[in-house]
Amino acid sequence: SISLHQFRGTITNPFEEIYQYSNYFIRMGNSFSTAPPKPAAPLKQHKVGIKTGKKICCCCPDTKKLRDECVVFKGEEHLDCIKLIEAHKVCLRDEGFDVK
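Calculation criteria
Residues numbered from 1 in each chain as written. Predicted model: local features only at pLDDT ≥ 70, side-chain atom pairs only at ≥ 80, totals over all residues. Heavy atoms only, no water. Salt bridge = Lys/Arg side-chain N within 4 Å of Asp/Glu carboxyl O. Disulfide = S-S within 2.5 Å. Helix = DSSP H or I, 4+ residues; strand = E, 2+ residues; numbered from the N terminus. Buried < 20%, exposed > 50% of the residue type's maximum accessible area, 1.4 Å probe, protein only.

Draft legend 1. How the structure looks around the pattern of salt bridges. Applying the stated rule across the entire model yields three salt bridges. For Asp-68, the salt bridge identified is with Arg-67, shortest N-O distance 2.7 Å. When the shortest N-O distance is used, the salt bridge between Asp-80 and Lys-74 registers 3.0 Å.

In structure tokens, the structure reads:
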């Protein structure tokens with residue numbers, strides 16, 4: 001059997017120490033006999049547009065391209081870009097997405 005003091009002296013990485021320490025207790029028959037099961041991750045359902053059936057990143061490619069080009073070359077605050085941003089939002093809303 002190994003004492004806790006002896007055990008701690010053999011590990012230099014703190015994460016490895018935590019891992020080894022937890023395994024030590026499991027082997028010793030402590031109440032931590034098994035780790036609790038991880039809850040299953042909820043299935044992500046990607047919302048799709050009602051007209052095209054595409055995800056938000058792929059809807060409205062025409063307004064998206066014009067908006068992106070304008071923002072890159074003129075800046076987000078430029079009047080032309082503000083209009084294109086709003087046009088893209090309208091397109092996304094028409095697809096059924098909740099866009100602020």
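The structure having been displayed, the exposition proceeds.
Draft legend 2. Layout of the state of the cysteines. Tallying each qualifying case throughout the model produces two disulfides. Paired by a disulfide, Cys-60 and Cys-91 hold their sulfur atoms 1.9 Å apart. Between Cys-60 and Cys-91 the sulfur-sulfur dihedral comes to about -95°; the bridge is accordingly left-handed. Residue Cys-60 is located in the loop between α2 (14–27) and α3 (61–74), and its partner Cys-91 is located in helix α4 (residues 79–94); the two are separated by 31 residues in the primary sequence. Overall, the relative accessible area of 7% leaves Cys-60 in the buried class. A relative accessible area of 22% places Cys-91 in the partly exposed class. A disulfide bridge connects Cys-70 with Cys-81, and the sulfur atoms are separated by 2.0 Å. The chirality of the disulfide connecting Cys-70 with Cys-81 is left-handed, given an S-S dihedral of about -95°. Separated by 11 residues along the polypeptide, Cys-70 in helix α3 and Cys-81 in helix α4 bring together distant segments of the chain. Each member of the pair, Cys-70 as well as Cys-81, carries the same accessibility label: buried.

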